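Chain and residue survey
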Amino acid sequence: MNEIVDFLSVVLYYASNGYPLPIAFSKAKDKKKVSGVNYDYLYELSRVLLLNYFGLKGKTNRKKVISFLTGNTKLILPSWMDEQLRYLIDLDNYLKNLVKKKTQWFRVNRILGDEDKVLKSLELQDIEFIRDNDFNYVYKITKGNITKTKEFTENKVILQDKASVAVVEALRPEPGDVVLDMASSPGLKAELIYELTQGEISLVLAEFYMHRLSKEMRLLKELGVNPSSLNFIVQDSTSNSIVRVDKVLIDAPCSSSGTLSDDPTVLITLSTKEKVNLFSRVQKAMLRETFNIRFKEGVYSVCSIFPEEGEMIVEEIKDRLVKTGLPGSTGYPNFSVGNLCTRYFNFIDETDDFFIAKFKGMDDER
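Description of the structure in this document.

Focus: the overall build of the protein chain
Summing up its helical and strand segments, the protein chain has 15 helices and 13 strands in all. Relative to the globule expectation of 21 Å for 366 residues, the C-alpha radius of gyration of the protein chain, 21 Å, shows essentially globular dimensions. Looking at the 366 residues of the protein chain, the share that counts as buried comes to 53%. Here the protein chain has roughly 16,800 Å² of accessible surface; of this, 49% comes from carbon and sulfur atoms. For the protein chain, the distance from the average position of its 50 positive side-chain charges to the average position of its 51 negative side-chain charges is 5 Å.

Regarding the pairing of strand 1 (residues 105-108)
Looking along a regular strand, one sees the side chains alternate between the two faces of the sheet. On strand 1, burial covers both faces: Trp 105 and Arg 107 on one face and Phe 106 and Val 108 on the other are all buried. Summarising the sheet, strand 1 and strand 3 (residues 138-143) pair through three bridges and their orientation is antiparallel. Within the sheet, the bridge partner assigned to Arg 107 lies in strand 3 and is Val 138. Two strands pair when backbone bridges link them, and strand 1 and strand 4 (residues 157-159) are joined in this way by three bridges, in the antiparallel orientation. Counterpart to Phe 106 in the pairing with strand 4 is Leu 159.

Some words on helix 11 (residues 210-222)
The terminal C-alpha atoms of helix 11 lie 18 Å apart, and with 13 residues this matches the ideal 18 Å at 1.5 Å per residue to within 8%. Every buried residue of helix 11 is accounted for by Leu 213, Glu 216 and Leu 220. The arc that holds every buried residue of helix 11, seen down its axis, measures 55 degrees, which confines them to one face. Exposed positions of helix 11 whose direction lies more than 90 degrees from the buried face are His 211, Lys 215 and Lys 221. Positioned one or two residues after helix 11, Gly 224 has a phi angle of 95 degrees, which is positive.

Overview of the packing of aromatic side chains
One pass over the structure, following the stated rule, counts 19 aromatic pairs. Ring geometry for Phe 295 against Phe 359: centres 5.8 Å apart, planes inclined by 90 degrees, an arrangement best described as edge-to-face. Of this pair, Phe 295 sits in the loop between helix 13 (274-290) and strand 9 (297-302) while Phe 359 sits in strand 13 (residues 354-360), and the two are 64 residues apart along the sequence. No difference in accessibility class separates Phe 295 from Phe 359, as the two residues are buried.

Description of the nonpolar core
Counting residues in hydrophobic clusters, the biggest one holds 55 residues, and the most contacted among them are Leu 203, Ile 250, Tyr 300, Val 314, Leu 321 and Ile 356. For this core, the element with the most residues is helix 9 (residues 162-171), which contributes seven residues. Setting aside chain neighbours within four positions, we find Ile 356 in contact with Ala 163, Ala 166, Val 167, Ala 170, Val 299, Tyr 300, Ser 301, Thr 324, Leu 326, Cys 341, Thr 342 and Tyr 344.

Observations concerning a nonpolar patch on the surface
A cluster of nonpolar residues, Met 210, Met 217 and Val 234, forms a patch on the protein surface that exposes about 240 Å² of accessible area. When you line up the elements, Met 217 lands in helix 11.

Observations concerning the pattern of salt bridges
Scanning all chains against the criterion turns up 24 salt bridges. We note a salt bridge from Lys 143 to Glu 128, for which the minimum N-O separation is 3.9 Å. Here Glu 128 lies in strand 2 (residues 128-131) and Lys 143 lies in strand 3, a separation of 15 residues in the sequence. According to the relative accessible area criterion, Glu 128 is partly exposed, its value standing at 40%. Overlapping salt bridges bring together Arg 107, Arg 110, Glu 191 and Glu 195 as one network.

With respect to the environment of Met 210
Note that Met 210 resides in helix 11. When residues no more than four places from it in sequence are discounted, the contact partners of Met 210 are Met 217 and Val 234.

Considerations on the packing of helix 1 (residues 2-16) against helix 4 (residues 61-69)
A packed helix pair is summarised by two numbers, namely the angle formed by the two axes and the spacing between the axes. Contact geometry for helix 1 and helix 4: axes closest at 9 Å, N-to-C directions at 115 degrees. Once helix 1 is placed against helix 4, the crossing between them reads as right-handed. Contact residues: helix 1 offers Asn 2, Ile 4, Val 5, Asp 6, Leu 8, Ser 9, Leu 12 and Tyr 13, while helix 4 offers Asn 61, Arg 62, Lys 64, Val 65, Ile 66 and Leu 69. For the contact of helix 1 with helix 4, the class distribution of residues is eight nonpolar, three polar and three charged.

Examining unusual backbone geometry
Residue Pro 186 follows Ser 185 across a cis peptide bond; omega there is 10 degrees. Notably, Asn 155 is not glycine yet its phi reads approximately 65 degrees, a positive angle. Structurally, the position occupied by Asn 155 is in the loop between helix 8 (150-153) and strand 4. The backbone of Arg 172 shows a phi angle near 50 degrees, a positive value even though the residue is not glycine. Here Arg 172 lies in the loop between helix 9 and strand 5 (178-181).

Calculation criteria
Residues numbered from 1 in each chain as written. Predicted model: local features only at pLDDT ≥ 70, side-chain atom pairs only at ≥ 80, totals over all residues. Heavy atoms only, no water. Helix = DSSP H or I, 4+ residues; strand = E, 2+ residues; numbered from the N terminus. Rg over C-alpha atoms; globule rule 2.2 N^0.38 Å. Buried < 20%, exposed > 50% of the residue type's maximum accessible area, 1.4 Å probe, protein only. Areas by Shrake-Rupley, 256 points an atom, 1.4 Å probe, with all protein chains shown as cover. Lys, Arg positive; Asp, Glu negative; His and termini not counted. Charge placed at Lys NZ, Arg CZ, Asp CG, Glu CD. Pairing = 2+ DSSP bridges. Expected span 1.5 Å × (residues − 1). Arc of directions from axis to C-beta. Phe/Tyr/Trp six-rings, centres within 6.5 Å; stacked < 30°, edge-to-face > 60°. Core = buried A, V, L, I, M, F, W, Y, C linked by side-chain atoms within 4.5 Å. Contact = heavy atoms within 4.5 Å. Patch = residues over 30% accessible without salt bridge, like charges linked within 9 Å, V, L, I, M, F, W, Y side chains within 5 Å. Salt bridge = Lys/Arg side-chain N within 4 Å of Asp/Glu carboxyl O. Axes fitted to C-alpha atoms, helices over the stretch in contact; angles between N-to-C directions. Left-handed = near helix turned anticlockwise from the far one by under 90°. Nonpolar A, V, L, I, M, F, W, Y, C, P; charged D, E, K, R; others polar.

Functional significance is not addressed by these values, which are geometric in nature.
If you want it as structure tokens, here you go:
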């Protein structure tokens, strides 16, 4: 018991100092060994501990961990967040589902592998899954650790949340399109666009930081994307340099509040509303900048549950919004654009919480 308390105390220390859960957990493994305990179990325990961050009792990390392990805690959101979400969603259901282990979704990388052969091989490795009813190339994992399979190691299967896939489906890329992705890292949406068009696509992939773009270049190469279809640019997309494309994707930087179930350290960064307001300003600037480009269609998306990063951003382009054509829920009804937008929720769809909107551009008049 003492070893577990010590281990979780180290996780809590690093998470409190801004490290994402996977890194905080890795650092704890380096510092504290726990004998006779499965580390997958410890990771899940760490995840639930951090979800209870604002309800932990005690002055030291160790006392906070003990209060958690003895059941003397409650999942509490920051007061501003609790107050806002209570008027938007079924908050009790939302909180209950946050604690549940997040559903994992995957798709077969059909650039590198035959879908039927890959699926049969996964079954032989005791991975159980269900084909999604909305997107027939997406699968929900019901049993097993797919990251330990040779197909995952060989990049023949890609872990990607269903809501993230829905963003690309809303864009509906077609062979011959020129697509600008204004915040493209890590690159999974770019790979999917390439895959859905059988490589008959020209992708312009923009990122603010060169190191992020470099990682994306390496990933896309590993996933089998032909570099002749890719054009990389380093830019601040609030001041865009591209003049004309067919379609624009703004999968904007955001608070990541939609990923709390997967990485609850995000919750710690939401102690005040400052982070949401900061990203809201960036998102608004990116969307406005889009209309300095000649394009036909665009998609705006964020992995956020807050309207400040969703409905309130696209309200100023209400006249250009069109329905996404996606399954899922409509946007929040207390906003005039709500019925034109799509939201995915963890407690409804078993996905990250996502906001997606589609809009018309200025047609190319060549």
